[in-house]
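Coordinates in review
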Number of protein chains: 4
Amino acid sequence: MLNIAVIGCGYWGAHLIRNFNNANDWHLKYLCDIDDIHLNKLANQYKSIATTTNYSEILRDKSIDAVVIATSSESHYPIAKDALLAGKNVWVEKPFTQNSLQAKELVDIANKNGLIINVDHTYLYTSSIRKIKEIIDSGELGDLIYIDAVRINLGLFRHNENVVWDLAPHDLSIISFLNPIRPISISAIGNAFYPYSNQKLEEVAYITIRYEDNSIAHINVNWLSPVKIRQIIIGGTKRMLLYDDMQTVEKIKVYNSGVTINTRQDVYDTLVQYRVGDMYSPYVKDNEALATECAHFYDCINNRVDSFTDGSAGVLNVSLLEAAQLSLQNGGKEILL
Amino acid sequence: MLNIAVIGCGYWGAHLIRNFNNANDWHLKYLCDIDDIHLNKLANQYKSIATTTNYSEILRDKSIDAVVIATSSESHYPIAKDALLAGKNVWVEKPFTQNSLQAKELVDIANKNGLIINVDHTYLYTSSIRKIKEIIDSGELGDLIYIDAVRINLGLFRHNENVVWDLAPHDLSIISFLNPIRPISISAIGNAFYPYSNQKLEEVAYITIRYEDNSIAHINVNWLSPVKIRQIIIGGTKRMLLYDDMQTVEKIKVYNSGVTINTRQDVYDTLVQYRVGDMYSPYVKDNEALATECAHFYDCINNRVDSFTDGSAGVLNVSLLEAAQLSLQNGGKEILL
Amino acid sequence: MLNIAVIGCGYWGAHLIRNFNNANDWHLKYLCDIDDIHLNKLANQYKSIATTTNYSEILRDKSIDAVVIATSSESHYPIAKDALLAGKNVWVEKPFTQNSLQAKELVDIANKNGLIINVDHTYLYTSSIRKIKEIIDSGELGDLIYIDAVRINLGLFRHNENVVWDLAPHDLSIISFLNPIRPISISAIGNAFYPYSNQKLEEVAYITIRYEDNSIAHINVNWLSPVKIRQIIIGGTKRMLLYDDMQTVEKIKVYNSGVTINTRQDVYDTLVQYRVGDMYSPYVKDNEALATECAHFYDCINNRVDSFTDGSAGVLNVSLLEAAQLSLQNGGKEILL
Amino acid sequence: MLNIAVIGCGYWGAHLIRNFNNANDWHLKYLCDIDDIHLNKLANQYKSIATTTNYSEILRDKSIDAVVIATSSESHYPIAKDALLAGKNVWVEKPFTQNSLQAKELVDIANKNGLIINVDHTYLYTSSIRKIKEIIDSGELGDLIYIDAVRINLGLFRHNENVVWDLAPHDLSIISFLNPIRPISISAIGNAFYPYSNQKLEEVAYITIRYEDNSIAHINVNWLSPVKIRQIIIGGTKRMLLYDDMQTVEKIKVYNSGVTINTRQDVYDTLVQYRVGDMYSPYVKDNEALATECAHFYDCINNRVDSFTDGSAGVLNVSLLEAAQLSLQNGGKEILL
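Everything numeric in this text was worked out from a predicted model, so none of it was measured.

A word on the relation of the copies chain C and chain A
- You can overlay chain C on chain A at an RMSD of 0.0 Å; the transform is a turn of 180° with a shift of 0.0 Å along its axis. Here the copies are linked by what is in effect a two-fold axis. When C-alpha distances to the rotation axis are compared across chain C, the minimum falls at Y280 of chain C, with a value of 1.9 Å.
- Of the residues that chain C buries at the interface, 100% are likewise interface residues in chain A, meaning the two copies contact each other through the same surface.

This is the structure:
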């Protein structure tokens, strides 16, 4: 049993609290938020858990093994740094930090002190993404040609980050997980329509990543869509896959469809033929991704298990966001990585 | 009653032939294809219509008022030019020509000779696109923020044109029709995965267009998708619209959803609030777009009616394709128009 | 090559004419309709085919091998009888006749004269229903527990037959084909809401059939539904199948789901456990069912091939309709067959 | 603030506990279950709430105002009777009791003692069903012609009740709420395929109800469906409505479609014409039905508010189930109510 505290009791914090409270391996000792209203609302539901509006109090508690940082994104870096320097393992919400220098610094501190960083790329703990990873790794899809991700809805405007920093971390973490090939460039193009908060923040953006093996990834993120779409299409040389996260069942469909290339000596043209075949949808047992991630975080600390959502995954995620931001500010210019 | 001939009896030619044969205003006098097999297959169904493998024969027939050119795209320009010079009105399949110089030359010849060019941007003759145009023009959606178009499927590989020239003419024609604001730049990024026919042709591409009024359009075209998606989302400042052409009913949905901006003097921040409301789907009576277009072509010739699919629409379409191609060859560089 | 005539040039007649005109084995010699308007509309499209408003003229033509009867249902019996007595093979639309006595009489006449009757149960010629039959016959689903069919839409009111006689022939033919077990009883309950034409005709009806092997079938037919649903669910002891005819792709889905019964000696209760597994959708190549049926009808006549849509299939279909009608008139009373 | 206890900590009990724990008006004082495992699992999450395996202990506590009975259905009656006789208000899960005599007896005891019975027909507290009720009551649909409900899935087998008693209470409560016209008869037909627990329990059933005003309702309940469908279609003389509870958005669609009857003096036939128009989907704000119901139960007790899920609603529900059961045992015989 390890002791943990959750700093940040907003929408996502509430889910984290519920999961850590239900976890067998964890004792949730503190809830923390600078906003009394958020804090009291949750304190009311979890009467036996201590509360504080000052996270330093938590860091001073020697019995605390780890802290969860679910505050607004600009405070991830300072709180995580404080926590690591106080010898606490940390779980940080996405985006990990606001730039890659900060991210690397946190990883260095953690490494020097033998501490664990978990960046909350929750999707990598869903049964669906795990099943897709398994399908890709088995070679069933052949070589990957493209990954096309759409994450659009009528979303919560942020006052300090654009749609890329808000939504794209999810898809970038998923894509980096599914396709570990080295990305060589990134381009992003978007539109900041509504002027507010004295700044322009893109509400719509399109990101393209090129990979060493000539595959490509594209991410469509949008806060101004009347419909909610959460969809990833993966084109492989052997089979193709559709992941539709808005479905309650049959989220994954694998299509035995593709292209057959026949090269014949006696003809000038390569013969390109389509192949359309059966589709199947693997049964995936529903899990609550956060519960799986809580158990995994315990394993990382207690059993030194390797994680694919560790600090270095966070560094990669933030580096891609940073490069996308640079491209966005340069009219979609391709940024080499 | 005007006399017409269809040159090119492939997949689309068969639809054109059926429609001109059924049209009250047209007498379909010839079917023409250089391929005997295509020609005979249709001749068999339309026993009373003359056939020829040589289109010059048709152009020499003084009674012919117009010709339909549904051949492969590289022959559109030479055949259309011959036809116009022979005094025939022409209906040309998309893409109109292979570059904008050719397109402009054809328009010049037609204008000088008082002849009509109809570029077959069929979608503009569907009840759905007409209804969407009507909704936009009524001001119901407010100002347009973005148009996001997806046209993907497991498609027919072309041996001489990439997915942009094959599929994007449809969306470019729809977008130009719906949003007549002047485009200021275009970017395109894609992937040519399969090497064939001694050349690389993109099978996947993403096109972004910026407009004078700060709106944006994005087109996702893909020949390698396991699922067929034909969808356009239009974000307006007042309402938003979804057009899903794969639905057999309720293709258009209008969402009373959006963003409300409140600027208050006494607060630093602009208040951005979401508004989610009812959705409605206007009833749209099914029509066969080609039948409507055939009747319209007759009107253009006989009654000198103006058309939004005339030669100049073809010039715009080809100019956008040309610029997208240039961007594609330059890593997604933004091309000013 | 056999000579054929189509009697009845309404909505469905037009499809029959198109298919027989395109069929290699058939020469379509006459179009016939008592209504000049219907007749001329089609004559205009098929300029080389003779027309008549009097079917007797066709029956007198010695060169005619078969006639298609696509007239309103009350005239099926007299025209089919005349045609058979004139030595013609007949293709009759559904419902075959208005009662089983008529149906049996036609079968007798055909048998005595060595003539073929094809009852146009078109669904049995679709790739989808054939594929489902193949799946059932392979034993993949195990024993059938139930078939649940829904065929509802905003439909064409008939002035002389209720929704059961209009829509249920389709499902009854499909169910009889898929599950050839002997039905033992039928019940039907419905609602005739709108009084018109001096009679009450059910617009909504629910039919239940019990089979010898304890399986059950249920058919929901409705002319007053705002949405169009054409769906059949088949529950088997091993797997379950969903057929959704409104989908353009993936019409058939097979679910590796079901119930596992474990009977253990040492426990009182039977253990019933659910099993949820993968789903797959077999690729089914689109065909035009009518084209397949035209070719089959030729085979039946020319090559004496057996048919599952012959006169006896028509007799079974009409017998089930007749019993359903009797039940309907008796408050849903179970009618033994 | 009123004190309450939840008796029965199974799947549904857990939801009730969560809601009463979060409710402002309620103090949840006890959790009770005869099964230690169920009890401890929840006790672990709600550390400050007392637990007991003996509900008599709760009934003896004078401070308790109400008890929730979420045990298996055969124990509803005895526990509810004990609770009412102990002067407690009761909330009872569906089905209220196992027969209408028990239901009436409980209502009598409650009435004599001025106690409130709430039967947990949860659907009547969803925003969707409330919105549909509002639409019907406004007269927008015209007169009701039929209600067609489908509630099928791969369900939990019960060892002591069939699919009618398990699933149909939901639809019967919804239909009784939406259409308060007096039912005049009920018919039910079903299939008990799997023999287990020494008895046969129907896994598939079809129920039809006839109403005084010539409208009809049909309910399809099924434990053996590979797909989960929760759908109600309502046909009215003016408009038609589709409620699809499996959708996450746009659960309700209202179709401006229907039938127009023109009676003309000079023609023999009534002219029946179809009218197909726009569809709209009213925005319905998500609520948690149980939270609304908890607040309502407090109002019923504290403010003597009338309820449409009171004991008499429970009596009606059980009476319909009872009659359906009788019909089921008599081959679908129509049972007069």
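Digging into the nonpolar core
Residue and element names in this part refer to chain B.
- V67, F96, I117, I129, I132, I234 and L241 are the most contacted members of the largest nonpolar core, which totals 74 residues.
- In terms of residues, this core owes the most to one element, helix 7 (residues 163–178), which gives 10 residues.
- In this structure, I132 is in contact with L178, I234, L241, Y243 and I252, ignoring residues within four places of it in sequence.

Re helix 8 (residues 289–303) of chain A
Residues and elements named next belong to chain A.
- For helix 8, which comprises 15 residues, the first-to-last C-alpha distance of 20 Å matches the rise-based estimate of 21 Å (1.5 Å per residue) to within 8%.
- Considered for burial, the residues of helix 8 that qualify are A289, L290, E293, C294, H296, F297, Y298, C300 and I301.
- Residues of helix 8 that are buried make contact with strand 1 (2–7), helix 1 (11–22), strand 2 (26–32), strand 4 (66–69), strand 5 (89–92) and strand 6 (117–119).
- Directly beyond the C-terminal end of helix 8, a positive phi value near 50° is found at R304.

Thoughts on the pattern of salt bridges
- One pass over the full model with this rule turns up 48 salt bridges over all chains.
- The closest approach of N and O atoms between E134 of chain B and K131 of chain B, which form a salt bridge, is 3.4 Å. With E134 of chain B and K131 of chain B both in helix 6 (residues 127–137) and 3 residues apart, this pair spans about one turn of that helix.
- Since its relative accessible area comes to 48%, E134 of chain B is described here as partly exposed.
- The partner of R182 of chain D in a salt bridge is E212 of chain D, and the shortest N-O contact between them spans 3.2 Å. Of the two residues, R182 of chain D sits in the loop between helix 7 (163–178) and strand 8 (183–191) while E212 of chain D sits in the loop between strand 11 (204–211) and strand 12 (216–222), which places them 30 residues apart along the sequence.

Topic: the sheet that holds strand 1 (residues 2–7) of chain D
Residue and element names in this part refer to chain D.
- Taking strand neighbours across the sheet as the criterion, the 6 strands line up as 3-2-1-4-5-6 in an open arrangement whose pairing is parallel. One side of each edge strand has no neighbouring strand; the edge strands of this open sheet are strand 3 (50–52) and strand 6 (117–119). Taken over all neighbouring pairs, the strand axes of this sheet differ in orientation by 20° on average, direction set aside.
- Two elements, strand 1 and strand 2 (residues 26–32), share 6 bridges in a ladder whose sense is parallel. Across the sheet, residue I7 finds its bridge partner in strand 2, namely C32.
- Contacts from helix 1 (residues 11–22) reach strand 1, strand 2, strand 4 (66–69) and strand 5 (89–92) within the one sheet, and its direction differs from that of strand 2 by about 150°.

Notes on the packing of helix 7 of chain D against helix 9 (residues 311–328) of chain D
Residue and element names in this part refer to chain D.
- Remark: helix 7 packs on helix 9, axes separated minimally by 10 Å, with the N-to-C direction vectors making an angle of 125°. Overall, the two elements helix 7 and helix 9 adopt an arrangement that is oblique. Here helix 7 and helix 9 pass one another in a crossing that is right-handed. Across the interface between the two elements, V164, W165, A168, P169, L172, S173 and S176 of helix 7 pack against L316, N317, V318, L320, L321, E322, A324, Q325 and L328 of helix 9.
- Residue composition of the contact of helix 7 with helix 9, by class: 11 nonpolar, 4 polar and 1 charged.

Here's the deal with the interface of chain B and chain A
- Across the contact, 58 residues belong to chain B and 59 residues belong to chain A.
- Between chain B and chain A, the buried area comes to about 4,800 Å², and carbon and sulfur atoms account for 63% of it.
- At the boundary of chain B with chain A, the tally comes to 0 salt bridges.
- Those elements that provide at least two residues to the side of chain B that touches chain A are strand 7 (144–154), strand 8 (183–191), strand 11 (204–211), strand 12 (216–222), strand 13 (224–236), strand 14 (240–244), strand 16 (258–262) and strand 17 (271–275) of chain B.
- A total of 7 residues in the side of chain B that touches chain A trace back to one element, the largest contributor, which is strand 13 of chain B.

Comments concerning the interface of chain C and chain A
- Taken together, the contact between chain C and chain A spans 11 residues of the former and 11 residues of the latter.
- Taken together, the two surfaces of chain C and chain A that pack against each other cover about 930 Å², and 50% of this comes from carbon and sulfur.
- Three residues, E250, M279 and Y283 of chain C, lead the burial of chain C against chain A; their summed loss comes to 50% of the area buried on that side.
- If you look at where chain C meets chain A, you find 2 salt bridges.
- Where K253 of chain C meets E250 of chain A, a salt bridge forms, and the shortest distance between an N and an O atom there is 3.1 Å.
- In this assembly, chain C and chain A are joined by 8 residue pairs in polar contact (both at pLDDT 80 or more).
- Among the elements of the structure, strand 15 (252–255) and strand 18 (279–281) of chain C are those that each provide at least two residues to the side of chain C that touches chain A.
- Pairing geometry for strand 18 (residues 279–281) of chain A and strand 18 of chain C, over 3 bridges, is antiparallel.

Definitions and cut-offs
Residues numbered from 1 in each chain as written. Chains lettered and ligands numbered in written order. Predicted model: local features only at pLDDT ≥ 70, side-chain atom pairs only at ≥ 80, totals over all residues. Heavy atoms only, no water. Least-squares fit on C-alpha atoms with pLDDT ≥ 70 in both. Contact = heavy atoms within 4.5 Å. Core = buried A, V, L, I, M, F, W, Y, C linked by side-chain atoms within 4.5 Å. Buried < 20%, exposed > 50% of the residue type's maximum accessible area, 1.4 Å probe, protein only. Helix = DSSP H or I, 4+ residues; strand = E, 2+ residues; numbered from the N terminus. Expected span 1.5 Å × (residues − 1). Salt bridge = Lys/Arg side-chain N within 4 Å of Asp/Glu carboxyl O. Pairing = 2+ DSSP bridges. Axes fitted to C-alpha atoms, helices over the stretch in contact; angles between N-to-C directions. Parallel < 35°, antiparallel > 145°, perpendicular 65-115°, else oblique. Left-handed = near helix turned anticlockwise from the far one by under 90°. Nonpolar A, V, L, I, M, F, W, Y, C, P; charged D, E, K, R; others polar. Buried area = accessible area lost by both parts, 1.4 Å probe. Polar contact = N/O pair within 3.5 Å; in protein donor to acceptor, adjacent residues only side chain to side chain.

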